[in-house]
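Chain by chain, the residues run as shown.
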Amino acid sequence: MNTLEEALHYPWGAQLPAAGGALQLAPGLAWLRMELPFALNHINLWLLRDEMDGRTGWSVIDTCVDSPQSRAQWEQVIASQMQGLPVLRVLATHMHPDHLGLAHWLGERFSAPLWISMSDYLMARLAVQQQDSFGGQATVDFFARHGMDNRQVLKAVLDRKDHYAQLVPKVPSQYRRLQDGQMLSLGGRQWRCISGFGHSPEHMALYCEDPGLAQPLLISGDMVLPRISTNISLYETEPDGNPLQLFLDSLEKFLPLPENTLVLPSHGRPFVGLHERIKQLRDHHQERLEEVMQACRQRAQCAADIVPVMFRRELDLHQTTFALGESMAHLNLLWHTGALRREADAHGVLRFSAA
Ligand SMILES: [Zn+2]
């Protein structure tokens, strides 16, 4: 554990749900942990005992990527943890593959509708179609404009055009819309949707302070994670966007929640210490912004120049693309505040310098 993690409290210690098993966190609420084939090697999913339209069963929150391994993990959970009861609905915190991948499979198997925000639903429908405007060459051009000239990386990005569709082969053709502030009745308890921006188009966290619970619960999705910081990237579809500011502003929405809230994150372990973690995340980005600013005071920098400034470790191809996205997000925030100005050089590469 690093020192930042030590400031958080993990009520279940090192205990994790067994593969294909579940760990009960509160009455009617179970924690599932499924393996992912990435550097980020797992995702947490949540199973809520629920009733809908007079039927008893489970609401599932997030689904894992679609792969033979994750389907097999689900088969184990269905056989051993669900008491023969069906999935009544699938809720997705957001559109990313590890969250949405198997929504279509669970949905078809159990006739369970998908609940998700409209922005994430529409973006998922677009991403799954693998159009030229999404990923592939458009991303290559965007990365090149931000100074990425590593041919290996650009080739990998081009080859990764069908990345989303491989992990999310299908998105249900209908959905039910989740909106900020909306109250959902799940298993007889009231849950409030809290929208968040900057990580995905319109992420939904779920908050419950039912008096029957030992402590309030926050299913935080990817918006508040205990160990790693949420990936905040700029994408080619919105090149002048300011996702880092959106993310930092969104974090503010979690501050009014009580200190003793049990946070259920999509990656890492359930923890108490929401306010401390939000402070850590703000500090983290503030430090990165200062480093970027300092580099840009010395000379004009493109986003590719900033990657080794922000990430002082070896990065593989996949991590490099994430790192470039993060660098662009930090540069754009400083450009939006007016601290940096932006100019294209003779090669069309965008360079940022102190204003
Ligand atoms: Zn995500």
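Presented here is a report on the structure given in the accompanying data block. (Residues numbered from 1 in each chain as written. Predicted model: local features only at pLDDT ≥ 70, side-chain atom pairs only at ≥ 80, totals over all residues. Heavy atoms only, no water.)

### Some points on the overall build of the protein chain
Stated precisely, the cut-off is as follows: Helix numbers and strand numbers start at the N terminus; a helix is a DSSP run of H or I with at least 4 residues, a strand a run of E with at least 2. Burial classes: relative accessible area under 20% of the type maximum marks a residue as buried, over 50% as exposed, and values in between as partly exposed (1.4 Å probe, protein chains only). Only the protein chains shown count as cover for residues, with accessible areas throughout obtained via the Shrake-Rupley method and a probe of 1.4 Å. Positive charges come from Lys and Arg, negative ones from Asp and Glu, while His and the chain ends are left out of the count. Positions of charges follow a simple convention, taking NZ of Lys, CZ of Arg, CG of Asp or CD of Glu.
Secondary structure summary: the protein chain contains twelve helices and 15 strands in total. Projected onto the principal axes, the alpha-carbon positions of the protein chain cover approximately 65 × 40 × 35 Å. Within the protein chain, the fraction of its 355 residues that count as buried is 54%. Counting only carbon and sulfur atoms, one obtains 50% of the accessible surface of the protein chain, whose full area is about 15400 Å². The averaged location of the 39 negative side-chain charges in the protein chain is 1 Å from the averaged location of its 31 positive side-chain charges.

### Here we look at the pattern of salt bridges
Which entries qualify depends on this criterion: Between Lys or Arg on one side and Asp or Glu on the other, a salt bridge is scored when a side-chain nitrogen of the former is within 4 Å of a carboxyl oxygen of the latter.
Across all of its chains, the model carries 16 salt bridges by this definition. For D66, the salt bridge goes to R71, with nearest N and O atoms at 2.8 Å. Judged by its relative accessible area of 10%, D66 is buried. Across the salt bridge formed by R351 and D305, the nearest N and O atoms sit 3.2 Å from each other.

### Describing the sheet that holds strand 5 (residues 87–91)
Filter applied, for reference: Whether two strands pair comes down to DSSP finding at least two bridges between them. Interaxial angle, 0 to 180 degrees, is taken between N-to-C directions of lines fitted to C-alpha atoms, where a helix line uses only the stretch in contact.
Pairing is mixed in the open sheet, where seven strands are placed in the order 1-2-3-4-5-6-7. Looking at the sheet topology across the chains shown, the edges are occupied by strand 1 (23–26) and strand 7 (176–178). Neighbouring strand axes in the sheet, compared pairwise and without regard to direction, differ in orientation by 30 degrees on average.

### Quick notes on the nonpolar core
Convention followed: Working definition of a nonpolar core: buried Ala, Val, Leu, Ile, Met, Phe, Trp, Tyr and Cys residues. They are joined through side-chain atoms within 4.5 Å. When checking whether two residues touch, look at their non-hydrogen atoms; a contact exists if any pair is within 4.5 Å.
Counting residues in each nonpolar core, the largest one holds 51 residues, and the members touching the most others are F143, L218, F254, L274, L324 and L331. Elements represented by at least two residues in this core include exactly helix 6 (137–145), helix 7 (151–159), strand 10 (203–208), helix 9 (243–252), helix 10 (274–298), helix 11 (303–310), helix 12 (317–337) and strand 15 (350–354). Take this core: its biggest share by element is eight residues, from helix 10. Once residues within four sequence positions are removed from consideration, F254 is found in contact with I194, A205, L218, M223, V224, L274, H275 and I278.

### Description of the coordination of the zinc ion
Note the following rule: Any N, O or S atom lying within 2.8 Å of the metal counts as a donor, and for Na, K and Ca the limit rises to 3.2 Å; water is left out, so some sites can look incomplete.
Coordination sphere of the zinc ion, protein contribution only: H94 (NE2), H96 (ND1), H199 (NE2) and D222 (OD), at 2.1 to 2.2 Å. Donor residues binding the zinc ion come from one chain and are separated in sequence as H-x1-H-x102-H-x22-D. Residue H94 is found in the loop between strand 5 and helix 3 (97–100), and its partner H199 is found in the loop between strand 9 (189–196) and strand 10; the two are separated by 105 residues along the sequence. There is no split in this pair, since H94 and H199 are both buried.

### Here we look at the pairing of strand 1
Examined bridge by bridge, strand 1 and strand 2 (residues 29–35) share three bridges and lie antiparallel to one another. Within strand 2, the residue paired with Q24 across the bridge is A30. Count of turn residues in the strand 1/strand 2 antiparallel hairpin: two residues, of which G28 carries a positive phi of about 75 degrees.

### Comments concerning the side chain of T93
To keep things clear, this is the line we draw: Here a polar contact is recorded for every N or O atom pair within 3.5 Å, except that within protein the pair must consist of a potential hydrogen donor and a potential acceptor, and residues adjacent in sequence are included only if both atoms are side-chain atoms.
By the element assignment, T93 lies in the loop between strand 5 and helix 3. T93 sits in the buried class, given a relative accessible area of 2%. Of note is the side chain of T93, whose polar atom sits 3.0 Å from the side chain of H94. Contact partners of T93, with chain neighbours within four places excluded, come to I61, D62, H99, E202, H203, M204 and G221.

### Here's the deal with helix 12
Our working rule: Expected helix span is computed as 1.5 Å times (number of residues minus one).
Taking 1.5 Å per residue as the helical rise, helix 12 with its 21 residues ought to reach 30 Å, and the 31 Å between its terminal C-alpha atoms agrees with that figure. One side-chain oxygen at the N-terminal end of helix 12 lies 3.1 Å from the backbone nitrogen of H318; it belongs to D316. Positive phi shows up at G338, right after helix 12, with a value of about 95 degrees.

### Some words on the sheet that holds strand 11 (residues 217–221)
Here we have six strands laid out as an open sheet, ordered 8-9-10-11-12-13, and mixed in their pairing. Of all strands in the sheet, those with a lone pairing partner are strand 8 (183–186) and strand 13 (271–272), marking the two edges. When strand 10 meets strand 11, the two strands line up antiparallel, connected through three bridges. Following the sheet pairing, Y207 is matched in strand 11 by L218.

### Examining the packing of helix 7 against helix 12
The test is simple: Any angle that is under 35 degrees is reported as roughly parallel, and any over 145 degrees as roughly antiparallel; angles of 65 to 115 degrees are reported as roughly perpendicular and all others as oblique. Basically, the charged four are Asp, Glu, Lys and Arg, the nonpolar ten are Ala, Val, Leu, Ile, Met, Phe, Trp, Tyr, Cys and Pro, and anything else, Gly included, counts as polar.
Following both chains from N to C, one finds helix 7 and helix 12 inclined at 90 degrees, their axes separated by 10 Å at the closest point. Considered as vectors, helix 7 and helix 12 are oriented roughly perpendicular to each other. Two secondary-structure elements touch here, helix 7 through Q152, V153, A156 and V157 and helix 12 through L317, T320 and T321. The residue makeup of the contact of helix 7 with helix 12, split by class, is four nonpolar, three polar and no charged.

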